[in-house]
Amino acid sequence: MSGHTENEITIAAPLDLVWDMTNDLENWPQLFSEYASVEVMKREGQKTTFRLTMHPDDNGKVWSWVSERTTDRQGRNVRARRVEPGPFQHMDIRWEYSEVPGGTRMHWRQDFAMRPDAPVDDAWMTENINRNSRVQLELIRDKIEQRDRERRSASVPVN
């Protein structure tokens with residue numbers, strides 16, 4: 001068996017701002033509530049290898065792993081995969097961006113499988129990712145929309 005999730009949100013902001021903020025890895029701890037730190041290990045063209053470290057879970061465990069992320073701004077998508085999969089056999093992620101009336105739609109697709117000795121199964125992880133993705137997408141939307149409002153109000157000339 002394997003897991004698959006799809007989650008999306010529309011952000012009332014221009015695509016360039018959404019792209020820039022969501023692909024600024026060093027600032028992910030300020031954008032996502034779950035990440036304590038990001039360490040960029042290597043950049044090669046559009047591919048970045050980095051370590052993500054989460055805040056401690058309810059049991060005090062700190063999860064950390066290395067991922068690769070390849071951006072395609074012209075194609076408006078990002079592909080990522082865990083290099084250190086931890087409890088996953090594999091974890092592949094695709095982010096897609098599109099301009100829609102009222103802003104930018106950001107769509108996340110995750111395909112994964114848990115290892116047989118993982119503490120949870122594919123079904124549990126699917127529910128967990130879906131639940132957490134909704135929370136993170138709403139936080140991201142709110143922060144980007146706030147930044148967009150600040151940028152627009154700063155660019156309004158004062159008479």
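In short, a report on the structure. (Residues numbered from 1 in each chain as written. Predicted model: local features only at pLDDT ≥ 70, side-chain atom pairs only at ≥ 80, totals over all residues. Heavy atoms only, no water.)

1. Here's the deal with helix H1 (residues 15-22)
Which entries qualify depends on this criterion: Remark: exposure states derive from per-residue accessible area (1.4 Å probe, protein chains only) relative to the maximum for the residue type, with buried under 20%, exposed over 50%, and partly exposed in between. Runs of H or I in DSSP of at least four residues are treated as helices and runs of E of at least two as strands, each being numbered from the N terminus.
Taking burial as the measure, the eight residues of H1 include six buried ones, the bulk of the element. All of the buried residues in H1 are Leu15, Leu17, Val18, Trp19, Met21 and Thr22.

2. Here's the deal with the pattern of salt bridges
Put simply, the test is: Definition used for salt bridges: Asp or Glu carboxyl oxygen within 4 Å of a side-chain nitrogen of Lys or Arg.
Under the criterion given, the structure shown has 15 salt bridges. The shortest N-O distance in the salt bridge between Arg51 and Glu84 comes to 3.1 Å. Residue Arg51 is found in strand E3 (residues 47-54), and its partner Glu84 is found in the loop between strand E5 (77-82) and strand E6 (88-100); the two are separated by 33 residues along the sequence. The partly exposed category is assigned to Arg51, whose relative accessible area is 22%. Among the ionic contacts, a cluster of salt bridges with common partners joins Glu6, Arg94, Glu96 and Arg109.

3. A word on the side chain of Glu34
This is how it is decided: For the charge count, each Lys or Arg is scored as positive and each Asp or Glu as negative, with His and the chain ends excluded. Polar contacts here mean pairs of N or O atoms no more than 3.5 Å apart (in protein, one a potential hydrogen donor and the other a potential acceptor; neighbouring residues in sequence count only if both atoms are side-chain atoms). In what follows, a contact means two residues having at least one pair of non-hydrogen atoms within 4.5 Å.
As for its placement among the helices and strands, Glu34 is situated in the loop between helix H2 (28-31) and strand E2 (35-44). In this structure, Glu34 is buried with no salt-bridge partner, the nearest side chain bearing the opposite charge being Arg82 at 8.1 Å. A distance of 2.6 Å separates the side chain of Glu34 from the side chain of Asn132, its partner in a polar contact. If we skip the residues at most four places from it in the chain, Glu34 touches Met54, His55, Asn132 and Gln136.

4. Focus: the sheet that holds E2
Sheet strands associate in pairs through backbone hydrogen bonding, adopting either a parallel or an antiparallel arrangement. Keep this limit in mind: Strands are treated as partners if at least two bridges between them are detected by DSSP. Between N-to-C directions, angles cover 0 to 180 degrees, with each direction set by a line fitted to C-alpha atoms, over the stretch in contact for helices.
The strand order across the open sheet formed by seven strands is E1-E7-E6-E5-E4-E3-E2, and the pairing between neighbours is antiparallel. Single-partner strands in this sheet number two, and they are strand E1 (3-11) and E2. Averaged over all pairs of adjacent strands, the angle between strand axes in this sheet comes to 20°, irrespective of strand direction. Relative to E6, E5 is paired through five bridges, and the arrangement is antiparallel.

5. Re the packing of H1 against helix H3 (residues 122-154)
Quick note on the threshold: Note on angle classes: values under 35 degrees are labelled roughly parallel, values over 145 roughly antiparallel, values of 65 to 115 roughly perpendicular, and the remainder oblique. Take the far helix as your reference; a near helix turned counterclockwise from it by less than a right angle gives a left-handed crossing, and one turned clockwise gives a right-handed crossing. Ten residues, namely Ala, Val, Leu, Ile, Met, Phe, Trp, Tyr, Cys and Pro, are considered nonpolar, four, namely Asp, Glu, Lys and Arg, are considered charged, and the remaining ones, Gly among them, are considered polar.
Close contact between H1 and H3 brings their axes to 10 Å; oriented N to C, the two are set at 125°. The angle between H1 and H3 falls in the class oblique. Seen from above, H1 lies across H3 with right-handed handedness. Here H1 contributes Leu17, Val18, Met21 and Thr22 to the contact with H3, which in turn contributes Ile140, Lys143, Ile144, Arg147, Asp148 and Arg151. When its residues are assigned to classes, the contact of H1 with H3 shows five nonpolar, one polar and four charged.

6. A few points about the nonpolar core
As a reminder, the rule being used: Put simply, buried Ala, Val, Leu, Ile, Met, Phe, Trp, Tyr and Cys residues joined by side-chain atoms within 4.5 Å make one nonpolar core.
Counting 25 residues, the largest nonpolar core has Trp28 and Met106 as the members making the most contacts within it. Among the secondary structure elements, those contributing two or more residues to this core are E1, H1, H2, E2, E3, E6, strand E7 (103-114) and H3. No other element matches the five residues that H1 contributes to this core. In this view, Met106 contacts Asn7, Glu8, Ile9, Ile11, Val18, Thr22, Trp95, Glu96, Tyr97, Leu137 and Ile140; residues no more than four positions away in its chain are not counted. Counting residues in each nonpolar core, the second largest holds seven residues, with Phe88, Met91, Met125 and Ile129 among its members.

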